[in-house]
Amino acid sequence: MHEVSKQTIETVQKHAQKSVEHSKDLQELGKSLETNDQIEPEQKERIKAAVETLHEQAQKFQDSADRLTEDPSTELYSEAVTEHVKVNEAHIKAIEEFQKKQPPA
């Protein structure tokens, strides 16, 4: 069985931690928009949902990274990479929702 190097595991863990931190930052930004009267209530809900999804995916990525420290198999590494891709997709969707709140230039 092939194992993933310690350095690679540390990199995955750092990326996962940054993803969780970033998702929390976007949650806070979303909360700050709740009092903005220029944003439609439906848009506020879409932003909230998008950042919640991002946070959930980031947490799954973190969980995968944590399991990788206990079992450095290529199978778990592949799972962590898949979770990282899902985080990136959720991040794109969240940013798209934030951009919709801005009036057209």
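These numbers come from a predicted model, not from an experiment. (Residues numbered from 1 in each chain as written. Predicted model: local features only at pLDDT ≥ 70, side-chain atom pairs only at ≥ 80, totals over all residues. Heavy atoms only, no water.)

A. Looking closely at the overall build of the protein chain. Per the secondary structure count, the protein chain includes 3 helices and 0 strands. Ordered by position in the sequence, the α and β elements of the protein chain form the string α-α-α. Relative to the 2.2 N^0.38 estimate, which gives 13 Å for 105 residues, the radius of gyration of the protein chain is 16 Å and therefore markedly larger than a compact globule would have. Principal-axis analysis of the C-alpha atoms places the extent of the protein chain at approximately 55 × 20 × 20 Å. Counting only contacts in the protein chain whose residues sit at least 6 apart along the sequence, the fraction spanning at least 24 positions is 81%. As displayed, the protein chain offers around 7,100 Å² of accessible surface, 49% of which is attributable to carbon and sulfur atoms. Each charge class in the protein chain can be summarised by its mean position, and for the 14 positive and 22 negative side chains these summaries are 3 Å apart. (Helix = DSSP H or I, 4+ residues; strand = E, 2+ residues; numbered from the N terminus. Rg over C-alpha atoms; globule rule 2.2 N^0.38 Å. Contact = heavy atoms within 4.5 Å. Areas by Shrake-Rupley, 256 points an atom, 1.4 Å probe, with all protein chains shown as cover. Lys, Arg positive; Asp, Glu negative; His and termini not counted. Charge placed at Lys NZ, Arg CZ, Asp CG, Glu CD.)

B. Seen up close, the nonpolar core. Ranked by internal contacts, the top residues of the largest apolar core, which has 22 residues, are V12, L54, F61 and F98. With 8 residues, helix α2 (residues 41–70) is the largest single contributor of residues to this core. Not counting the four nearest positions on each side in its chain, L54 is found in contact with S23, L26, V87, A90, H91 and A94. (Core = buried A, V, L, I, M, F, W, Y, C linked by side-chain atoms within 4.5 Å. Buried < 20%, exposed > 50% of the residue type's maximum accessible area, 1.4 Å probe, protein only.)

C. Focus on the environment of E40. Mapped onto the elements of the fold, E40 is located in the loop between α1 (6–33) and α2. Judged by relative accessible area, E40 falls into the exposed class, the value being 52%.

D. Region of the structure containing helix α3 (residues 74–100). Between its terminal C-alpha atoms α3 stretches 39 Å, which fits the 39 Å expected from 27 residues at 1.5 Å a residue. Taken residue by residue, α3 has L76, A80, E83, V87, A90, A94, E97 and F98 as its buried positions. (Expected span 1.5 Å × (residues − 1).)

E. Inspection of the pattern of salt bridges at higher detail. This model, assessed by the stated rule, comprises 6 salt bridges. Across the pair E28 and K31 runs a salt bridge whose closest N-O atoms are separated by 3.7 Å. One end of the pair is E28 and the other is K31, both in helix α1 and 3 residues apart, which spans about a single turn. Accessibility expressed as a relative area gives 47% for K31, which makes it partly exposed. In this structure, the salt-bridge partner of E79 is R67, at a minimum N-O distance of 1.8 Å. Separated by 12 residues along the polypeptide, E79 in helix α3 and R67 in helix α2 bring together distant segments of the chain. With a relative accessible area of 28%, E79 lands in the partly exposed category. Since its relative accessible area comes to 34%, R67 is described here as partly exposed. When salt bridges with common partners are traced through the structure, they connect R46, E97 and K100 into a single cluster. (Salt bridge = Lys/Arg side-chain N within 4 Å of Asp/Glu carboxyl O.)

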